[in-house]
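# Structural characterization, general
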Amino acid sequence: MRVLGVDPGLTRCGVGVVEGTAGRPLTMLGVGVVRTTADAEIGSRLVAIEQGIEAWIDEHRPELVAVERVFAQHNVRTVMGTAQASAVAMLCASRRGIPVALHTPSEVKAAVTGSGRADKAQVGAMVTRLLRLDAPPKPADAADALALAICHIWRAPAMNRLQQAQAAARSSRIPTTASVRKVTR
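In this report, we go over the structure that sits alongside the text. As the structure is a prediction and not an experimental result, all values here were calculated from the model. (Residues numbered from 1 in each chain as written. Predicted model: local features only at pLDDT ≥ 70, side-chain atom pairs only at ≥ 80, totals over all residues. Heavy atoms only, no water.)

On to the overall build of the protein, then. Looking only at helices and strands, the protein features 5 helices and 5 strands. Helices and strands appear in the protein in the N-to-C order β-β-β-α-β-α-β-α-α-α. Referenced to the eigenvectors of the C-alpha coordinate spread, the extents of the protein come out at roughly 75 × 40 × 35 Å. For the protein, with 185 residues in total, the buried portion stands at 38%. Contacts spanning at least 24 positions in sequence make up 62% of the contacts within the protein whose residues lie at least 6 apart. (Helix = DSSP H or I, 4+ residues; strand = E, 2+ residues; numbered from the N terminus. Buried < 20%, exposed > 50% of the residue type's maximum accessible area, 1.4 Å probe, protein only. Contact = heavy atoms within 4.5 Å.)

The strand order E3-E2-E1-E4-E5 describes an open sheet built from 5 strands, whose pairing is mixed. The sheet is open, and its two edges are formed by strand E3 (27–35) and strand E5 (100–103), each paired on a single side. Sheet twist, expressed as the mean angle between neighbouring strand axes with direction ignored, is 20 degrees. Of the strand pairs in this sheet, strand E1 (residues 2–7) and strand E2 (residues 12–19) are connected by 6 bridges, and their pairing is antiparallel. By the bridge assignment, Gly 5 is partnered in E2 with Gly 16. Contacts between helix H2 (residues 76–95) and the sheet are confined to E1, strand E4 (64–68) and E5, with E4 contributing the most and set at about 170 degrees to the helix. (Pairing = 2+ DSSP bridges. Axes fitted to C-alpha atoms, helices over the stretch in contact; angles between N-to-C directions.)

Now for helix H3 (residues 105–113). Of all the positions in H3, only Pro 105, Glu 107, Val 108 and Val 112 are classed as buried. The buried residues of H3 occupy an angular sector of 160 degrees when projected down its axis, which confines them to one face. One or two positions beyond H3, positive phi appears at Gly 114, with a value near 95 degrees. (Arc of directions from axis to C-beta.)

Let us now look at the pattern of salt bridges. This model, assessed by the stated rule, comprises 8 salt bridges. Asp 141 serves as the salt-bridge partner of Arg 12, at 2.6 Å between the closest nitrogen and oxygen. Taken as a pair, Arg 12 in strand E2 and Asp 141 in helix H5 (residues 140–173) lie far apart in primary sequence, 129 residues in all. For Glu 54, the salt bridge goes to Arg 95, with nearest N and O atoms at 2.9 Å. Of this pair, Glu 54 sits in helix H1 (residues 42–60) while Arg 95 sits in helix H2, and the two are 41 residues apart along the sequence. We classify Glu 54 as buried; its relative accessible area is 12%. Assessed through its relative accessible area of 49%, Arg 95 is described here as partly exposed. Each of Glu 50, Glu 54, Asp 58, Arg 95 and Arg 96 takes part in one network of salt bridges that share partners. (Salt bridge = Lys/Arg side-chain N within 4 Å of Asp/Glu carboxyl O.)

The structure is reproduced here in structure tokens:
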């Protein structure tokens, strides 16, 4: 499976492509950051992010795009920018029919380091180790994007089985015409 991880942000939007399957060594195919200037208009910043993500999708042809789920912070301005960049990434993938998965920061940290409370340095160190890199990707947004891709590759098989089980349970609970009996008093 080839996954494009996106760590959304207006100034630095981390992107990283990882290929592999759960239980096997993973391979990094690319890592980087789509940058915009803080003094530019929001519309042009979002277009720049779109163009950057489109270029990554064109170059690496991911089967899935994993995006960090936006979580509430005290700084509303930061949350809004992150949410806007996240929406751009989801739009780019969806426009091409590429599935999108959202993962929370603590879910990604737990998958990669074993602790949902790991700091950025721990995530970077584990990404470096798991992908057999010489040094942690810089900036941290790039390492976080790779961590998102790793998280999805490792969690996808279990998530698929869970979704199939939930669908089967729902379909077995839906009464059919033949199984519905009229109750009289």
